[in-house]
Protein chains: 2
Amino acid sequence: MLSASVSLPVYLQISELLTREIAAGLYAAGDRLPPEAELAKTLGVAVGTLRKALSELELRGMLARRQGSGTYVLPAGMGQSKSVYEFFKLELIRGGGLPTARVIDFQKIATPAAFQTDLSKHCYRLRRLRLLSDTPIALEEIYFDAQSHPHLKAADLGEALYWFYQERLGFWIASAEDRVGVGVVPDWSVQDFAPAVASVCARVERVSRTSKNKIAEYSITWFDAKRCRYVNRLK
Amino acid sequence: MLSASVSLPVYLQISELLTREIAAGLYAAGDRLPPEAELAKTLGVAVGTLRKALSELELRGMLARRQGSGTYVLPAGMGQSKSVYEFFKLELIRGGGLPTARVIDFQKIATPAAFQTDLSKHCYRLRRLRLLSDTPIALEEIYFDAQSHPHLKAADLGEALYWFYQERLGFWIASAEDRVGVGVVPDWSVQDFAPAVASVCARVERVSRTSKNKIAEYSITWFDAKRCRYVNRLK
DNA sequence: AGGAATTTGTGCGTATGTATC
DNA sequence: AGATACATACGCACAAATTCC
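Undergrad: What should I look at first to understand unusual backbone geometry in this one?
TA: With glycine set apart, most residues show a phi of negative sign, and most peptide bonds adopt trans. Although it is not a glycine, Ser133(A) sits at a positive phi angle of roughly 50 degrees. Here Ser133(A) lies in the loop between strand S5 (122-132) and strand S6 (135-145).

Undergrad: For this particular structure, what's the right way to read the packing of helix H1 (residues 10-23) of chain A against helix H3 (residues 47-59) of chain A?
TA: Between two packed helices, what matters for the description is the angle formed by their axes and the separation of those axes. Residues and elements named next belong to chain A. Relative orientation of the contacting elements H1 and H3 amounts to 55 degrees, with a least axis distance of 8 Å. Between H1 and H3, the angle falls in the class oblique. Relative to H3, H1 is oriented so that their crossing is right-handed. Here H1 contributes Val 10, Tyr 11, Leu 12, Ile 14, Ser 15, Leu 18 and Thr 19 to the contact with H3, which in turn contributes Thr 49, Leu 50, Lys 52, Ala 53, Leu 54, Glu 56 and Leu 57. When the residues that make up the contact of H1 with H3 are grouped by side-chain class, the tally is nine nonpolar, three polar and two charged.

Undergrad: It is not clear to me how the pattern of salt bridges should be interpreted in this structure. Could you clarify?
TA: A side chain with one charge may pair with a side chain of the opposite charge, provided their charged atoms come close. Evaluation of the coordinates by the stated rule reveals 32 salt bridges over all chains. Measuring nitrogen to oxygen at the nearest pair gives 2.4 Å for the salt bridge that ties Glu36(A) to Arg65(A). Residue Glu36(A) is located in helix H2 (residues 36-43), and its partner Arg65(A) is located in strand S1 (residues 63-66); the two are separated by 29 residues in the primary sequence. The exposure class assigned to Glu36(A) is partly exposed, which follows from its relative accessible area of 24%. Among the salt bridges present, the one from Glu91(A) reaches Arg233(A), with a minimum N-O distance of 3.5 Å. Placement of Glu91(A) in strand S3 (residues 90-92) and of Arg233(A) in strand S10 (residues 228-234) is noted, with a sequence separation of 142 residues between them. Through salt bridges with shared partners, one network takes in Glu91(A), Arg233(A), Glu177(B) and Arg179(B).

Undergrad: Which parts of the structure should I look at to understand the interface of chain B and chain A?
TA: Bring the parts together and some accessible area is lost; that lost area is often taken as the interface size. The partner chain A presents 35 residues to the 34 residues of chain B that form the contact. Each partner contributes to the roughly 2,800 Å² buried at the junction of chain B and chain A, and carbon and sulfur atoms together form 50% of this total. Of all residues in chain B, the largest losses of buried area upon contact with chain A belong to Val182(B), Arg229(B) and Leu234(B), amounting jointly to 22% of the total for that side. For the interface between chain B and chain A, the tally reads six salt bridges. Of the charged contacts, one joins Arg233(A) and Glu177(B) as a salt bridge, the two residues approaching to 3.1 Å between their closest N and O atoms. Along the contact surface separating chain B from chain A lie 14 residue pairs in polar contact (both at pLDDT 80 or more). Of all the secondary structure elements, the ones that give two or more residues to the side of chain B that touches chain A are helix H3 (47-59), strand S1 (63-66), strand S7 (173-182), strand S8 (201-210) and strand S10 (228-234) of chain B. The greatest single-element share of the side of chain B that touches chain A, amounting to nine residues, is contributed by S7(B). Its residues placed into classes, the side of chain B that touches chain A shows 15 nonpolar, five polar and 14 charged. Sheet analysis places S10(A) next to S7(B), joined by five bridges and oriented antiparallel. Each residue of the ladder has a partner; that of Leu234(A), found in S7(B), is Ala176(B).

Calculation notes
- Along each chain, numbering runs from 1 in the same order as the chain's sequence is written.
- Key to labels: chains lettered from A, ligands numbered from 1, both in the order written.
- For this predicted model, a pLDDT threshold of at least 70 governs which residues receive local features, and a threshold of 80 or more governs which side-chain atom pairs are given and counted, while totals over whole chains, interfaces and linings are taken from all residues.
- Values reported for side chains reflect all heavy atoms of the structure, with hydrogen atoms and water molecules removed beforehand.
- Put simply, DSSP marks the helices as runs of H or I at least four residues long and the strands as runs of E at least two long, and each gets a number from the N terminus on.
- To get an axis, fit a line to the C-alpha atoms, keeping to the stretch in contact for a helix; angles then go from 0 to 180 degrees between the N-to-C directions.
- Should an angle lie under 35 degrees it is considered roughly parallel, over 145 roughly antiparallel, and from 65 to 115 roughly perpendicular; all remaining angles are considered oblique.
- In this scheme, a crossing is called left-handed if the near helix is turned counterclockwise away from the far one by less than a right angle; it is called right-handed if the turn is clockwise.
- It only takes one pair of heavy atoms within 4.5 Å for two residues to be counted as in contact.
- Ten residue types, Ala, Val, Leu, Ile, Met, Phe, Trp, Tyr, Cys and Pro, are classed as nonpolar, four, Asp, Glu, Lys and Arg, as charged, and the remainder, Gly among them, as polar.
- Salt bridge, as used here, is a side-chain nitrogen of Lys or Arg placed within 4 Å of a carboxyl oxygen of Asp or Glu.
- When accessible area is computed with a 1.4 Å probe and restricted to protein chains, residues below 20% of their type maximum are described as buried, those above 50% as exposed, and intermediate ones as partly exposed.
- Here the quantity called buried area is the total loss of accessible area, with a 1.4 Å probe, experienced by two parts when brought into contact, counted for both.
- Polar contact is the term for a pair of N or O atoms within 3.5 Å; when the atoms are in protein, one must be able to donate a hydrogen and the other to accept it, and sequence-neighboring residues count only if both atoms are side-chain atoms.
- One requirement defines pairing of two strands: DSSP has to find at least two bridges between them.

This is the structure:
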């Protein structure tokens with residue numbers, strides 16, 4: 001079950017396993033997990049490896065660990081349960097709208113020079129059309145590392161990409177930096193997406209980072225400024 | 001020097017030590033630290049212990065670690081200190097820039113219809129040219145209520161408007177909401193501000209609120225997307 | 001182009017300290 | 001006081017990525 005060579009590191013496989021087991025209700029909020037030594041033995045890993053997995057989940061706010069006492073399951077979403085759409089910042093000018101996405105293209109490519117300092121040699125490039133309440137409002141181009149999962153297909157991706165990152169790639173987006181300016185619609189644009197004039201197309205560059213401050217993805221979004229806006233709530 | 005029993009765990013002592021050394025300039029941003037094995041030896045600890053210390057600093061965003069390459073010092077994060085410019089989101093494309101402002105016009109006017117639900121009958125309208133390191137990059141139009149101070153003149157305003165609000169008007173900005181899109185440069189534009197073409201002008205609408213959730217000001221900013229961008233750091 | 005050397009990442013096992021029960 | 005459980009620390013072996021010759 002737990003194999004090192006196939007895909008994810010063992011300690012991440014364990015985080016995922018425990019995440020699923022907690023989600024499935026095998027451990028409820030408030031429960032104490034078995035002691036490290038015991039859990040490590042049943043999982044067939046060294047204690048140190050298990051500890052690394054548990055630390056991950058503690059950092060994520062799923063577990064609380066108390067020396068001398070034990071490891072406890074925390075109630076879901078104590079300020080943690082971030083919506084998958086938390087980082088989606090586009091809004092129809094008339095307000096609201098339910099975000100969806102349609103894949104235009106998905107390929108594994110050689111990492112472009114601009115990203116080579118932060119991504120490994122190969123990365124995935126995902127191109128999507130974004131919609132708000134069925135209105136096409138933006139084109140999106142996303143680059144993320146191919147290293148951990150070298151053989152992804154378009155079908156493996158769900159609509160909620162950040163959820164996919166967490167479940168399948170073992171990391172989650174903790175922060176991002178957006179740069180909003182103006183741009184020209186890319187040449188791979190589709191018929192559905194047609195800003196009235198080139199002059200009303202805005203452009204967002206995003207760098208997303210994981211909780212470890214590593215770069216998780218680069219993305220560029222072109223949006224039709226006639227129909228929607230980039231919204232930012234500052235506190 | 002590094003003692004376990006006295007106070008902090010050794011790995012934390014090391015994090016602190018390295019933090020001080022980086023702050024002191026012994027290691028500059030971009031520098032590579034000595035390899036783990038070497039550093040551990042000079043510090044007289046096991047590699048695992050050192051690694052834990054380095055992981056701490058990586059998590060804090062002070063270091064970046066790259067497998068096969070080394071451990072690097074990152075530039076000091078600017079996310080820490082809050083300033084009057086905390087809500088100023090424009091940045092030169094080439095990076096950074098010191099924000100200043102030049103008043104173009106300041107008048108007391110009848111409140112425009114669009115703001116009448118939130119501002120009283122009269123308000124001030126301030127028009128400014130914004131600069132980053134002496135480069136004109138944006139026009140700004142700000143509306144705020146005239147009720148509390150009915151007789152302001154342009155000379156009463158400082159460059160740092162938010163500071164002025166707090167000192168003279170008795171409130172401070174606690175939150176804001178920005179909507180970024182694309183727009184046309186207003187007719188009161190000045191010679192200094194000349195985006196190459198209309199197509200590279202972006203537009204930010206802002207609603208700022210006080211700590212009591214009352215609307216403090218409305219503003220519109222037109223910025224030259226060729227020279228600068230709207231930057232948003234999300235956590 | 002390719003291979004060796006370097007450097008961090010992962011994983012194992014163990015011993016000891018310290019907080020809790 | 002004793003048992004239990006997590007925290008810290010040490011050391012080693014190998015994998016994976018990068019760098020350099």
